[in-house]
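Structural characterization, general
Listed below are the residues making up each chain.
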Amino acid sequence: ELMITLAIAAILMMVAVPNLSVYRRNAELTSAANTFVASLNTARSEAMKRGRYAMVVPTNNGASWNDGWVVFVDINRTQTYTEGADSVVATQMALPTGINMTGVNTATGSTPYVMFDPSGYSRNKSGGFGALTLTLARTEGTVAQQLDQTRRIIIASTGRVRMCKPIS
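Predicted, not measured: the structure shown is a model, and the values here were computed from it. (Residues numbered from 1 in each chain as written. Predicted model: local features only at pLDDT ≥ 70, side-chain atom pairs only at ≥ 80, totals over all residues. Heavy atoms only, no water.)

**Some remarks on the nonpolar core**
In this structure, Phe36, Leu40, Val56, Trp65, Val114 and Leu134 are the most contacted members of the largest nonpolar core, which totals 26 residues. Contributions of two or more residues to this core are made by helix 1 (2-50), strand 1 (54-58), strand 2 (69-73), strand 4 (99-103), strand 5 (114-116), strand 7 (132-138) and strand 8 (150-155). Of all the elements, helix 1 adds the most residues to this core, at 8 residues. Discounting residues that sit within four places of it in the chain, Val114 has contacts with Leu40, Ala54, Met55, Val56, Trp65, Leu132, Leu134 and Ile155. (Core = buried A, V, L, I, M, F, W, Y, C linked by side-chain atoms within 4.5 Å. Buried < 20%, exposed > 50% of the residue type's maximum accessible area, 1.4 Å probe, protein only. Helix = DSSP H or I, 4+ residues; strand = E, 2+ residues; numbered from the N terminus. Contact = heavy atoms within 4.5 Å.)

Written out as structure tokens, the structure reads:
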């Protein structure tokens, strides 16, 4: 009886272990996306609370969101992060290995950013409204797995931030 119980337990473990791996990978991606959405919402609320522009930029004014990001209130009105002059609200460390974040519009290029005005609207540096989309995706696996392991963060011109899982 003990041998049969151990055999059944071994079979169940062989089935469960791959599913735990998929669960862990999905939880890691969802956690990274939720952290970024929380950072965006923090920037928006700080902009409205303080009556100033607030921004989210990659760490060290870099071009890659993968290295982490800084949420700050633009006290000196330079529209860039100036250490010591701007009020840092939150910072985030680098994304886990295997997750890549890319953006469009103002969230891409050599100096990507997301900026909110004192009314909470998403703006660009030239004063226009700044609707944009960022994509967090796994970099390994099959095409079908990569699509399942992708999250999009959409910021409307009104400043509303939402996250979705793309269909195709």
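Don't stop here, the text continues.
**Points about the sheet that holds strand 9 (residues 161-164)**
Pairing within the open sheet is antiparallel, and its 4 strands lie in the order 4-7-8-9. Whereas interior strands pair on both sides, the edge strands pair on one side only; in this sheet they are strand 4 and strand 9. Each strand of the sheet is rotated relative to its neighbour by a mean of 15°, with strand direction disregarded. When strand 4 meets strand 7, the two strands line up antiparallel, connected through 5 bridges. Across the sheet, residue Thr102 finds its bridge partner in strand 7, namely Thr135. (Pairing = 2+ DSSP bridges. Axes fitted to C-alpha atoms, helices over the stretch in contact; angles between N-to-C directions.)

**A closer look at the sheet that holds strand 6 (residues 122-123)**
With respect to topology, 5 strands assemble into an open sheet ordered 3-2-1-5-6, the strand pairing being antiparallel. Strands with a single pairing partner mark the edges of an open sheet, and in this sheet they are strand 3 (87-92) and strand 6. Strand direction decides the pairing type here: strand 1 and strand 2, joined by 5 bridges, are antiparallel. Bridging from a neighbouring strand, Pro58 pairs with Trp69 of strand 2.

**Comments concerning the pattern of salt bridges**
Within the structure shown, the criterion is met by 5 salt bridges. When the shortest N-O distance is used, the salt bridge between Asp117 and Arg123 registers 2.9 Å. Residue Asp117 shares its accessibility class with Arg123, and that shared class is buried. Connected through salt bridges with shared partners, the residues Arg24, Glu28 and Arg138 form a single ionic network. (Salt bridge = Lys/Arg side-chain N within 4 Å of Asp/Glu carboxyl O.)

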